[in-house]
Amino acid sequence: MSEENVRLVATGVKAMNEGDIDGFIAVGDPECELESYLAGLSEGAVSYHGHEGFRRYARDMAETCEYFSVEVDEYRETGDTVAVLGQLRARGRTSGIEVERALAWVMTVANVKLTRVRVFTDTRKALEAAGLSE
């Protein structure tokens, strides 16, 4: 099952990188929760729920960033959890500042759908949340 989980997660990441929000939604459970420290550049995590939440996340990211993409360095899995380790590349819509920084997504899979997505700007914290070590 773990290879299938990694393929599902990779499909979702690819869809987001291509701006294909429908493709991203297709891999998510209708009740999926997405937590991000990126959208809106808020102090705390912003939570999004369900398919409409995925759409709102994409809109929030588009409002904040002129463009953004994730370059995946590694997928790590344990049980029903897949950690995606890589780099975020983005340009601020208002500031025009180019950003490149470590990024990690921790995704939980059940019944061949994403049920929880957490976006971390700290790889160590992401690995701890996934039950993995560096």
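The shown structure was predicted, so the numbers you read here are calculated from the model rather than taken from an experiment. Here the residue index of a chain counts from 1 through its sequence in written order. Reporting of local features is limited, given that this is a predicted model, to residues whose pLDDT is at least 70; pairs of side-chain atoms are given and counted only at 80 or more, and all residues count toward the totals for whole chains, interfaces and linings. As a rule here, side-chain values cover all heavy atoms of the structure and leave hydrogens and water aside.

1. With respect to the overall build of the protein
- What the protein contains, in helices and strands, is four helices and six strands.
- In terms of overall size, the protein behaves like a compact globule, its C-alpha atoms giving a radius of gyration of 14 Å where 134 residues would be expected to give roughly 14 Å.
- With the principal axes as the frame, the protein shows a C-alpha extent of 45 × 30 × 25 Å.
- Across the 134 residues that make up the protein, the buried fraction comes to 41%.
- The average position of the 15 basic charges and that of the 24 acidic charges among the side chains of the protein differ by 2 Å. In this text, helices come from DSSP runs of H or I with a minimum length of four residues, and strands from runs of E with a minimum of two, each type numbered from the N-terminal end. We compute the radius of gyration from the C-alpha atoms alone; for a globule the expected value is 2.2 Å times N to the 0.38, where N is the number of residues. Classification of residues uses two cut-offs on accessible area relative to the type maximum, computed with a 1.4 Å probe and protein chains only: under 20% is buried, over 50% is exposed, and between them is partly exposed. Only four residue types enter the tally: Lys and Arg on the positive side, Asp and Glu on the negative side, with His and both chain ends excluded. Just so you know, the charge point we use is NZ for Lys, CZ for Arg, CG for Asp and CD for Glu.

2. Structural notes on the pairing of strand β1 (residues 28-36)
- Bridging between β1 and strand β6 (residues 113-120) involves five bridges; their strand directions are parallel. What sits directly across from E35, in β6, is R118.
- Strands are labelled as partners when DSSP assigns at least two bridges between them. Strand direction decides the pairing type here: β1 and strand β2 (residues 46-49), joined by four bridges, are antiparallel. Directly across from L34, in β2, lies its bridge partner Y48.

3. Notes on the environment of D122
- Tracing the sequence through the fold places D122 in the loop between β6 and α4 (123-130).
- Separated by 30 residues in the primary sequence, D122 and G92 have C-alpha atoms spaced 20 Å apart.
- Polar contacts, as counted here, are pairs of nitrogen or oxygen atoms within 3.5 Å of one another; within protein the pair requires one atom able to donate a hydrogen and one able to accept it, and residues that are adjacent in sequence qualify only if both atoms are side-chain atoms. Within the structure, D122 has its side chain in polar contact with the backbone nitrogen of R124 (distance 2.9 Å).
- Polar contacts involving the side chain of D122 include one to the main-chain amide nitrogen of K125, which spans 3.0 Å.

4. What to know about helix α1 (residues 2-17)
- Compared with the 22 Å implied by 1.5 Å per residue over 16 residues, the 23 Å span of α1 between its first and last C-alpha is a close match.
- All of the buried residues in α1 are N5, L8, V9, G12, V13, A15 and M16. Summarising the axial view, the buried residues of α1 lie within an arc of 160°, below the 170-degree limit, and thus occupy one face. More than 90 degrees from the buried face of α1, the exposed residues found are E3, R7 and K14.
- By definition in these notes, contact holds between two residues if any of their heavy atoms fall within 4.5 Å. Looking at the buried residues of α1, the elements they touch are α2 (21-26), α3 (50-64), β3 (65-78), β4 (81-92), β5 (98-110) and β6.
- Directly beyond the C-terminal end of α1, a positive phi value near 75° is found at G19. One less than the number of residues in a helix, times 1.5 Å, gives the span that helix is expected to have. Taking the helix axis as origin, the arc is that swept by the directions to the C-beta atoms.

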